[in-house]
Every structure is written in C-alpha cells, then in structure tokens.
Amino acid sequence: MRGRFNEQLTELNNNLIEMGALIEKAIAQATEALERRDAEVARSVMENDDLIDSKEKEIEARCLNLLLRQQPVAHDLSQVSAILKMITDMERIGDHAADISALCLGLSGQEYIMKSESIPKMATATIRMVTGSIDAFVNRDVAGAKAIKECDALVNALFLVAKKELIALVREEAANGEWAFDLWQIAKYYERIGDHAVNIAEWVIFAITGQHKNRQIF
Amino acid sequence: MNCFEIKDLHLYYGAFHALKNVSLDIAAKNITAFIGPSGCGKSTFLKTLNRMNDLVEGCVIKGSVQLDGEDIYGGIDLSRLRRRVGMVFQKPNPFPMSVYDNIAFGPRTHGVRKRYELDAIVEGALKDAAIWDEVKDRLKSPALGLSGGQQQRLCIARALAVAPEVLLLDEPTSALDPISTGKIEELLLALRDKYSIIIVTHNMQQAARISDTTVFFLLGEIIEYGETETLFARPANKRTEAYITGRFG
C-alpha cells in the first residue's frame, strides 16, 4: 500500500541526512580553518555553501511536491512539515559556517595573539548538537532531541566566557581590538548555530509527537 | 511519443452535443487522468477511444481519433482495436466463470488454444495485475467469489491478457474501499512502464497521486490539460482552479 509514497518519504529522509552531513562537515571545516588559520580550508567551506543551498531547495521542492500530490495526513504530514521547517535552520547553519570561514580568511594573515579556550569548545558542542538533532530525527528519538536544548545552555555559557576572554584581551592592549572583535563575531556565529540546532530539535519533537514548544499543533 | 492523437472531435447523442471540438495528444507509457464534474463528457470521451459509443443509438462522431497514426474511425478491425485498447469499468464485472477462464477468455477469442500458452498468459496477466499470489491456488474457483477489490484487479488482468497497448479505466476505484483503491493505484503505477494508461476519476486526489498528465473537462470541452503537478499547483484557467479547489462543480 502506498509503496511509491513510502519510497518518496524514504528519499526525502535520505536527502535530509545528506544535508545534515553537509552542514556537519561545513562546521567542522570552518573550525579547522580557525584552529589552523588555514585560508584554503576556509575558502572551501565558503564555496561548498552553494551545495547546502541547492540541497535545501531540492528538499523544499520534494516536500511541496509530496504535499501537493500525496496529501499526507497523520504522522506523514507532521514529518513532511517538520522537514520543511528544519531545512531553513540547516541552511542558516551552513551560512554561519561560511561566515566563520570568511572571518578566518581575514585572521589567517595576522599575527597569532592568543588561543581562546572557549571557542573550540563551542565548536565541538555545536557540531555535536547538529549531529544529535539530525540523529534524533532519523531515530525518532524524543529524549535525544530534548537533550539538544540542554547542550545549548553549555554553548551559551561558553559564549559568555569567550566574551570575557576577549574583553580582557582588549583591556590589556587596545590594538588587539580588531582581532578580538573578529573572534567575538566567530563566537557569536557558533552561539547562533547552537540556537538553530535547538530549533531543529524542536521540529524533530513535533514530527514525532505533534507538539511544538509544548503546544499541541496536531 | 503519443499513443492517441485526437483532432477536432465532436460527439452528438441525437441533438445533445456531448463533446465539443476536442483536440488532445495523449502520451504513451504514461498515466493520463480525466477529471471534471458529472456529465462533463470525460467518460464519453474515454469510450470514443475504443469505439464503445458505436452501439449507442443516435450517436454521431465527427473529427479524427488516431491510435499510433491509424484512424480508429476508418477501416480498422474493431476486434483488433479492442485488443489494442483494453477497458476496465467502474464496477468490477468478472464473467460468471472461473478465475482462469476469465483471463483466458480474451486470448481464446483471439485464437490461442494451446494449454501451456494459455497457462503462461494467465499467470503473466495475474502477476502483472498483482493478484497472482492471492488466486494462484484457486484458479478454478468462481471469479465472483473474490472480494470487490480482487475482482477489479482480475478485470485489469483480463484486459492485460490480450497484451493491449492502452488501458482505459472508467472510475476503476469508485466502488472500492481505501485499501483496495490503494492496491489498484500501486498497480497502475507499476504498469505505467509497459502500458499507456488513461483513467477517468472523480477523485482529484487520486489524479494528483498517480497521473503524469491531467485533463480537465467541463460541459463537453477540454478546459485545460497539462502536467499534473502544474495543473494542480498553478492552473491556468479560473474554472480549473475553482473545480480542483472544490469551489465549483
């Protein structure tokens, strides 16, 4: 029964997993570019952002086609509508990875001043959040999706630490201001990636339970 | 490639002008759905494609209907036409005979006599119609003992047994429950690679789900036709939009 529709839903899920892999790679590479001050890796992240954008468009078209032609109801409807919402946040995560890379390009030619303790930790945590939110969707894991929100508290706390580290650096020497400001923006992009991962996790919970932010939609 | 090319077709039942200037190319190896309100001419048009209207008293047809370039209202042999263009009706209509004999009926009519040939045709048609597993152990049982959904798939198998090029279906699922409807829809999607399928349906969701091309009829005219996704997403005609959104008809 509805074999073709089931195949289309499986293809859609596979597309989402592929997009998830693309954004995970983008954040990991942006982080590598930051840590190694590697302009080439940074450029590659910026170029690959087009792949993420086109994957978003492809998934969006598939969702709209399914809504039009298959008129999904019940769990199928929540799944398709959740994916339609998730890909917007996923695309923004790709943008932020490219934004971080663009700042890394500027930093790559400059003298190394300090190593931030908190920014690499933010990077690790946000990659884990993004992977976790996609895994929660694939495995229909409500507890896993809820855990993403808890990770976000850690990322937010690390962001405040990063801010303090950078303020201290500028206090020490005003000439460090531009460098510190770039790093602060990078930290902010990681913080935003964490927020988008939370949004994704909230749509995962909706896909499974019909509830979004404790509001029963279906 | 087109299976049918219809040009300037008019059909009259006495004084009633049932089809008005219908011109349409129907793609081969595709599912084409005819939609429209009751009395719009879609079933009448379907029947013109294998000359089922010939026996209707007072029926006059003008224009051209070509099947693979051959005018079916020219000198074509009617029996050959019906073999090439099979038809399945709204209500399942198995013959009052065994499952096997229902399928073998057409091939026998066309001269197949050898038992092993008939066995192969029956098995192939029942497999193509996705009902073989359900009836293989009761081929000698009366076809009328099958469920409604099984009877309809049997009728599709019976139409396939004479190796048609085109399969016409006139509301084939309107008498069936959703489970049987789903099985017929899956079957039609599976058959699309081998046959040109033309289906009349009142169920617009069904047209959206399974067809490649949709044709909207109203008062004996084609108002709009095109790729199904485009017709349902961006209908060009206001009357099409009013009909598919349930605001008219």
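Residues numbered from 1 in each chain as written. Chains lettered and ligands numbered in written order. Predicted model: local features only at pLDDT ≥ 70, side-chain atom pairs only at ≥ 80, totals over all residues. Heavy atoms only, no water.

Enquirer: Outline the overall build of chain A, supporting the account with residue identities and numerical values.
Expert: Along chain A, the regular secondary structure elements total 6 helices and 2 strands. When the helices and strands of chain A are placed in sequence order, the string is α-α-α-α-α-α-β-β. Scaling as 2.2 N^0.38, a compact globule of 218 residues should have a C-alpha radius of gyration of about 17 Å, and chain A matches this with 19 Å. Taken along its principal axes, the extent of the C-alpha atoms in chain A is 70 × 35 × 20 Å. Relative to its full complement of 218 residues, chain A shows a buried share of 46%. Contacts in chain A between residues far apart in sequence, at least 24 positions, make up 83% of those at least 6 positions apart. As presented, chain A carries roughly 10300 Å² of accessible surface, and 53% of it is formed by carbon and sulfur atoms. Side chains of chain A carry 25 positive and 34 negative charges; the gap between the two charge centres is 6 Å. (Helix = DSSP H or I, 4+ residues; strand = E, 2+ residues; numbered from the N terminus. Rg over C-alpha atoms; globule rule 2.2 N^0.38 Å. Buried < 20%, exposed > 50% of the residue type's maximum accessible area, 1.4 Å probe, protein only. Contact = heavy atoms within 4.5 Å. Areas by Shrake-Rupley, 256 points an atom, 1.4 Å probe, with all protein chains shown as cover. Lys, Arg positive; Asp, Glu negative; His and termini not counted. Charge placed at Lys NZ, Arg CZ, Asp CG, Glu CD.)

Enquirer: Give a detailed account of the overall build of chain B, specifying residues and quantitative values.
Expert: A count of helices and strands for chain B gives 10 helices and 10 strands. In terms of overall size, chain B behaves like a compact globule, its C-alpha atoms giving a radius of gyration of 18 Å where 249 residues would be expected to give roughly 18 Å. In terms of its C-alpha atoms, chain B occupies a principal-axis envelope of roughly 55 × 40 × 35 Å. Long-range contacts, defined here as pairs at least 24 residues apart, represent 66% of the contacts in chain B between residues at least 6 apart. Split by element, the accessible area of chain B, about 11100 Å² in all, is 51% carbon and sulfur. Within chain B, the 30 negative side-chain charges are centred at a point lying 4 Å from the centre of the 30 positive side-chain charges.

Enquirer: Describe in detail the pairing of strand E10 (residues 221-227) of chain B, supporting the description with residues and values.
Expert: One ladder, built from 6 bridges, connects strand E9 (residues 213-218) of chain B with E10(B); its direction is antiparallel. Bridging across to E10(B), B:Phe216 finds its partner in B:Glu224. (Pairing = 2+ DSSP bridges.)

Enquirer: I'd like to hear about unusual backbone geometry, residue by residue, with values.
Expert: At A:Lys213, a residue that is not glycine, the phi angle is positive and equals roughly 50°. The backbone of B:Ala163 sits at a positive phi, close to 50°, despite the residue not being glycine. Within the secondary structure layout, B:Ala163 lies in the loop between helix H6 (148-160) and strand E7 (166-170). Owing to a relative accessible area of 52%, B:Ala163 belongs among the exposed residues under this scheme.

Enquirer: Describe in detail the pattern of salt bridges, supporting the description with residues and values.
Expert: Two side chains bearing opposite charge may form a pair once their charged atoms approach each other closely. Residues and elements named next belong to chain A. Applying the stated criterion across every chain yields a total of 25 salt bridges over all chains. Between Arg62 and Glu11 there is a salt bridge, with the nearest N and O atoms lying 3.0 Å from each other. Of this pair, Arg62 sits in helix H2 (residues 39-70) while Glu11 sits in helix H1 (residues 3-36), and the two are 51 residues apart along the sequence. You can call Glu11 partly exposed: its relative accessible area is 36%. (Salt bridge = Lys/Arg side-chain N within 4 Å of Asp/Glu carboxyl O.)

Enquirer: So what's going on with the side chain of B:Glu171? Which residues, and what values?
Expert: Residue and element names in this part refer to chain B. Checked against the element boundaries, Glu171 lands in the loop between E7 and helix H7 (178-191). With no salt bridge to any partner, buried Glu171 finds its closest opposite charge in Lys42, at an N-O distance of 5.1 Å. Not counting residues within four places of it along the chain, the set of residues in contact with Glu171 comprises Gln90, Val200, Thr201 and His202.

Enquirer: An account of the state of the cysteines is needed here, citing residue identities and associated values.
Expert: Residue and element names in this part refer to chain B. Taken as a whole and assessed by the stated rule, the structure comprises 0 disulfides over all chains. Cys59 supplies the cysteine sulfur nearest to Cys40, a cysteine that is in no disulfide, at a spacing of 16 Å. Take Cys40: its relative accessible area is 2%, and that puts it in the buried class. (Disulfide = S-S within 2.5 Å.)

Enquirer: Mind laying out the sheet that holds strand E6 (residues 85-88) of chain B, listing which residues take part and the relevant values?
Expert: All names here are of chain B. Spatially, E6-E7-E8-E3-E9-E10 is the arrangement adopted by the 6 strands of the open sheet, whose pairing is mixed. Edge positions in the sheet fall to E6 and E10, since each has one partner strand and no second. Direction aside, the axes of adjacent strands within the sheet are offset by 15° on average. Summarising the sheet, E7 and strand E8 (residues 196-200) pair through 5 bridges and their orientation is parallel. When the sheet's bridge partners are listed, Asp170 is paired in E8 with Val200. Across the sheet, H6 lies against E6 and E7, angled at about 170° from E6, the strand it touches most. (Axes fitted to C-alpha atoms, helices over the stretch in contact; angles between N-to-C directions.)

Enquirer: So what's going on with the sheet that holds strand E5 (residues 70-71) of chain B? Which residues, and what values?
Expert: Pairing is antiparallel in the open sheet, where 4 strands are placed in the order E2-E1-E4-E5 (chain B). Unpaired on one side and paired on the other, strand E2 (16-27) and E5 of chain B mark the two borders of the sheet.

Enquirer: Quick one: what's the story with the interface of chain B and chain A, residue by residue and with numbers?
Expert: Taken residue by residue, the interface counts 17 residues in chain B and 9 residues in chain A. Summing the contributions of chain B and of chain A, the shared interface buries around 1000 Å²; its carbon and sulfur component is 52%. Our enumeration of links across chain B and chain A arrives at 0 salt bridges. Linking chain B with chain A are 7 residue pairs in polar contact (both at pLDDT 80 or more), by the criterion used here. At the level of elements, H7, helix H8 (204-210) and helix H9 (228-233) of chain B are the ones that each hand at least two residues to the side of chain B that touches chain A. (Buried area = accessible area lost by both parts, 1.4 Å probe. Polar contact = N/O pair within 3.5 Å; in protein donor to acceptor, adjacent residues only side chain to side chain.)

Enquirer: Mind laying out the packing of helix H3 (residues 74-108) of chain A against helix H4 (residues 118-139) of chain A, listing which residues take part and the relevant values?
Expert: Residue and element names in this part refer to chain A. Direction vectors running N to C along H3 and H4 enclose 165°, while the axes themselves pass 13 Å from each other. Put simply, H3 runs roughly antiparallel to H4. H3 and H4 meet at a crossing whose hand is left-handed. On the side of H3, the interface is formed by Gln79, Ile83, Met86, Met90 and Ile93, while H4 contributes Val130, Ile134 and Phe137. The residue makeup of the contact of H3 with H4, split by class, is 7 nonpolar, 1 polar and no charged. (Parallel < 35°, antiparallel > 145°, perpendicular 65-115°, else oblique. Left-handed = near helix turned anticlockwise from the far one by under 90°. Nonpolar A, V, L, I, M, F, W, Y, C, P; charged D, E, K, R; others polar.)

Enquirer: Report on the nonpolar core, specifying residues and quantitative values.
Expert: Ranked by size, the top nonpolar core spans 63 residues in total, and within it A:Met86, A:Ile186 and A:Tyr190 carry the most contacts. Elements supplying a minimum of two residues to this core: H1, H2, H3, H4, helix H5 (142-172) and helix H6 (177-209) of chain A. When residues of this core are assigned to their parent elements, the largest contribution, 16 residues, is made by H6(A). In this view, A:Met86 contacts A:Leu16, A:Phe137, A:Ile200, A:Trp203 and A:Val204; residues no more than four positions away in its chain are not counted. Of all hydrophobic cores here, the second largest spans 49 residues; its members include B:Ile103, B:Val112, B:Leu126 and B:Ala207. (Core = buried A, V, L, I, M, F, W, Y, C linked by side-chain atoms within 4.5 Å.)

Enquirer: With reference to specific residues and values, describe the confidence of the model for chain A.
Expert: For chain A, mean pLDDT is 92; residues scoring 70 or higher make up 97% of the total. The spread of mean pLDDT over the elements of chain A runs between strand E2 (residues 215-216) of chain A, the lowest at 86, and H2(A), the highest at 96. (pLDDT = per-residue confidence, 0-100.)

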